[in-house]
Amino acid sequence: MENIFAGLEMLARWDVLVALLVGSIGGVIIGAIPGVGPAVAIAILLPATFSLDPIVGLTMLLGIYGSSMYGGAIPAVLINTPGTAVNALTSYDGYPMTERGEAHRAVSLAYSASFWGGIFGIGCLILLSPVLALIAPMFGSREIFLAALLGIILVVLAHRGQIFAAGMLAMFGIFLQTIGLDAVTYTQRYTFGYSFLSSGINLIVVVLGLFALSQAFFLLTAPDGSPEAKPITGKMGAGIKELMKHKRVATVASAFGVVLGMIPGTGEFTAQFMSYTYAQKTSKEPELFGKGSPEGLIASEAANNAVPAAAMIPLLALGIPGEALTAMMLSVFYVHNVIPGPQLFQNNIDLVYGLYFALIALNVIVMIFLLFSTNVLTKIIRIPTRFLGVMILLLSFVGVYSLRNSLTDCMIAAGFGVFGLILKRLNLPIVPIILGMVLGGIMEVKLRSALPRLKTPLDMIDRPITAILFVVILLVVGMHIRGLIKEWRTTPENDDHDLSDTFQR
């Protein structure tokens, strides 16, 4: 109870409440604008949060992360253009409902399912916190190294059809974090005599370049557009009643979001498609899916909104982010010398409970805000894309320069912005680079810490948790290879596809 009261007391601070309002409402607005997304917004705001208390900065970022999917459903339903990438599946059934004149019903259902998924995910996180507090101290250097290695493998294998490219980009991220002065031997690594590389490649500079600047360049080079959505009439609370008729679908979809949100590299997309498939196969009207099925809309929104809370589990318990947004939040912990992992639940349990209550509060705030402001948000959708590009470009360079007052950082960020634009044009993933930098740094530190205690390679897996993680790694890799071979064998001999085609798929 002391921890609960400490968390509530932390949440009641005026600066935390302001950060919660700014993050949650700002996240809805950002999500409702096609072409921006939470990754861009968090990347831009990240430098500003370093000067704030950890709970204030993290509350603001969590607000954006957790609420952007609410806003992203609005353009997905009304104009068939997802506000964020994870709302793509929402448009499958949301937009057909709008075409039938049921825009009010579709938007209301999307809000209600999002709220259900968000609260369900937070409830699971709170229930798991005592388990995390017990398990986390059992993780030493070897366990965290293998957990980070498993995270890298899962992130790479999650990009099916692009595994080779994702692997190479993850390795590139690991390489980037090695540049600079080695903290152990105090030797220069890959600086090539350039003094500006001695301090290494800053993660935030790379994040701003790959996510924010690349998106700005993308918007500026694309045709200008200003989509328009018609106003919505009716009570937004009607979707809650209809949601209760499909509470089984909403609950199972939320459960998919929680389970897959905890696994690095999977996240919203996998949870959505598994939930959508389950809803269709168990529906009494499967023929309506893709044509305006309320169950399909509920499955999509409940699944993706359950993920943010679940994604905090590996971050808080092990200090291992599962995707780009939690990797950005990890940097806020590091700046304030608050290290997520085994010690967090022992030394900063009030911060943990404060984050739990902040997640609950942001879902309530967002739901209330959306019930009264949907028509205002439909006007925000009309912002021209090139104007957005200019604003993102300006704010990104301001954020980069504010880090160390360095024009060199701005040039490096611009270089990564161009590189990110190339990756977008080639439809290649960006996330493996960021997770490679973050997880690669964790792996290097933990491996160096573990090596002096090892006499033989088998000592690396001589403890129960390390043995389990090692077996899981072998199973994940083995199952993936088995799946590829099985897919290749089932390909008809007269088909034009060879083994390499199967691997690419």
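Keep in mind that what you see is a predicted model, and the values were worked out from it rather than measured.

Undergrad: How should I be thinking about the overall build of the chain in this particular structure?
TA: Assigned secondary structure in the chain consists of 21 helices and two strands. Put simply, the chain shows about 22,200 Å² of open surface, and 68% of that area lies on carbon and sulfur atoms.

Undergrad: Just to check I follow, could you spell out the packing of aromatic side chains for this structure?
TA: What characterises a pair of aromatic rings is the spacing of the ring centres plus the angle enclosed by the ring planes. The tally for this structure, following the rule as stated, stands at five aromatic pairs. Geometrically, the ring pair formed by Phe-172 and Phe-419 is edge-to-face, given 5.8 Å between the ring centres and 70° between the ring planes. Residue Phe-172 is found in helix α8 (residues 163-178), and its partner Phe-419 is found in helix α18 (residues 407-425); the two are separated by 247 residues along the sequence. Judged by its relative accessible area of 28%, Phe-419 falls in the partly exposed class.

Undergrad: What exactly am I supposed to notice about helix α14 (residues 324-335) here?
TA: Because each turn of an α-helix spans 3.6 residues, side chains separated by three or four positions in sequence point in the same direction. Here α14 is twelve residues long and its end C-alpha atoms lie 17 Å apart, about the 16 Å a rise of 1.5 Å per residue gives. Positive phi shows up at Asn-337, right after α14, with a value of about 60°.

Undergrad: Sorry if this is basic, but what is going on with the pattern of salt bridges here?
TA: Oppositely charged side chains are able to pair whenever their charged atoms sit close together. Enumeration according to the criterion identifies six salt bridges in this entry. Across the pair Asp-15 and Arg-13 runs a salt bridge, and its minimum N-O distance is 2.8 Å. For Arg-189, the salt bridge identified is with Glu-444, shortest N-O distance 2.7 Å. Residue Arg-189 is found in strand β2 (residues 188-189), and its partner Glu-444 is found in helix α19 (residues 431-450); the two are separated by 255 residues along the sequence. For the pair shown, Arg-189 and Glu-444 are each scored as buried. It is possible to trace a salt-bridge network through shared partners that takes in Arg-13, Asp-15 and Asp-53.

Undergrad: In this structure, what is going on with the packing of α8 against α18? I would like to understand it.
TA: The description of two helices packed together rests on the angle between their axes and the distance between the axes. Packing of α8 against α18 brings their axes to within 14 Å, and their N-to-C directions diverge by 170°. With respect to each other, α8 and α18 are oriented roughly antiparallel. The segment α8 lies against α18, with Leu-169, Phe-172 and Leu-176 engaging Phe-416, Phe-419 and Leu-423. Within the contact of α8 with α18, the residues separate by chemical class into six nonpolar, no polar and no charged.

Undergrad: For this particular structure, what's the right way to read α8?
TA: Between its terminal C-alpha atoms α8 stretches 23 Å, which fits the 22 Å expected from 16 residues at 1.5 Å a residue. Close packing links the buried residues of α8 with α7 (141-158), β1 (180-181), β2, α18 and α19. Positive backbone phi, approximately 120°, marks Gly-180, located one or two places after α8.

Undergrad: Is there a simple way to explain unusual backbone geometry in this structure?
TA: Peptide bonds are trans in most cases, and residues, glycine excluded, mostly fall at negative phi. Unlike most non-glycine residues, Tyr-190 shows phi in positive territory, near 55°. For Tyr-190, the location among the structural elements is in the loop between β2 and α9 (203-221). Positive phi values are uncommon outside glycine, yet Asn-427 reaches one of about 60°. Position of Asn-427 relative to the elements: it lies in the loop between α18 and α19. Judged by its relative accessible area of 58%, Asn-427 is exposed.

Undergrad: For this particular structure, what's the right way to read the nonpolar core?
TA: Most often, soluble globular proteins keep nonpolar side chains buried together rather than apart. By size, the foremost hydrophobic cluster in this structure holds 145 residues, and its most contacted members are Tyr-65, Phe-211, Leu-316 and Met-328. With 15 residues, the single largest contributor to this core is helix α16 (residues 349-380). Ignoring anything within four residues of it in the chain, the contact list for Met-328 reads Ala-39, Ile-42, Ala-43, Leu-46, Val-207 and Phe-211.

Undergrad: What exactly am I supposed to notice about the side chain of Gln-215 here?
TA: Mapped onto the fold, Gln-215 is located in helix α9. Polar side-chain contacts of Gln-215 include one of 3.2 Å to the side chain of Lys-424.

Undergrad: Mind showing me how you'd approach the packing of helix α11 (residues 247-261) against helix α13 (residues 294-318) here?
TA: The geometry of α11 relative to α13 is characterised by a closest axis approach of 7 Å and an angle of 35° between their N-to-C directions. When you trace α11 past α13, the crossing you get is right-handed. Facing Arg-248, Val-249, Ala-250, Ala-253, Ser-254, Gly-257, Val-258 and Gly-261 of α11, the residues of α13 in contact are Glu-295, Ile-298, Ala-299, Ala-302, Ala-303, Ala-306, Val-307, Ala-310 and Ala-311. Of the residues that constitute the contact of α11 with α13, the class distribution is twelve nonpolar, three polar and two charged.

Undergrad: Teacher, can you tell me more about the side chain of Arg-189 here?
TA: At 2.7 Å, the side chain of Arg-189 forms a polar contact with the side chain of Glu-444. Sequence-distant contacts of Arg-189, that is, excluding residues within four places in its chain, are made with Gln-177, Thr-178, Ile-179, Gly-180, Asp-182, Glu-444 and Arg-448.

Undergrad: For this particular structure, what's the right way to read the environment of Ile-64?
TA: Residue placement: Ile-64 occurs in helix α4 (residues 54-78). We classify Ile-64 as buried; its relative accessible area is 2%. Separated by 27 residues in the primary sequence, Ile-64 and Gly-37 have C-alpha atoms spaced 9.3 Å apart. If we ignore the near neighbours within four places in the chain, the residues touching Ile-64 are Gly-23, Gly-27, Pro-38, Ala-41, Ile-42 and Leu-45.

Undergrad: Quick question: what am I supposed to make of the environment of Arg-248 here?
TA: Examined against the element boundaries, Arg-248 turns out to sit in helix α11. The partly exposed category is assigned to Arg-248, whose relative accessible area is 39%. Along the sequence, Arg-248 and Glu-295 sit 47 residues apart, while their C-alpha atoms lie 9.9 Å from each other. In contact with Arg-248, other than residues within four places in its own chain, are Tyr-278, Thr-282 and Glu-295.

Undergrad: Can you help me understand the confidence of the model for the chain in this one?
TA: Note: predicted coordinates in regions of low pLDDT should not be interpreted at a detailed level. Chain-level pLDDT for the chain is 80 on average; 88% of the residues reach the 70-or-more range. At the low end of the mean pLDDT range in the chain sits helix α21 (residues 499-504), at 49; at the high end sits α18, at 91.

What counts, and at which threshold
Residues numbered from 1 in each chain as written. Predicted model: local features only at pLDDT ≥ 70, side-chain atom pairs only at ≥ 80, totals over all residues. Heavy atoms only, no water. Helix = DSSP H or I, 4+ residues; strand = E, 2+ residues; numbered from the N terminus. Areas by Shrake-Rupley, 256 points an atom, 1.4 Å probe, with all protein chains shown as cover. Phe/Tyr/Trp six-rings, centres within 6.5 Å; stacked < 30°, edge-to-face > 60°. Buried < 20%, exposed > 50% of the residue type's maximum accessible area, 1.4 Å probe, protein only. Expected span 1.5 Å × (residues − 1). Salt bridge = Lys/Arg side-chain N within 4 Å of Asp/Glu carboxyl O. Axes fitted to C-alpha atoms, helices over the stretch in contact; angles between N-to-C directions. Parallel < 35°, antiparallel > 145°, perpendicular 65-115°, else oblique. Contact = heavy atoms within 4.5 Å. Nonpolar A, V, L, I, M, F, W, Y, C, P; charged D, E, K, R; others polar. Core = buried A, V, L, I, M, F, W, Y, C linked by side-chain atoms within 4.5 Å. Polar contact = N/O pair within 3.5 Å; in protein donor to acceptor, adjacent residues only side chain to side chain. Left-handed = near helix turned anticlockwise from the far one by under 90°. pLDDT = per-residue confidence, 0-100.

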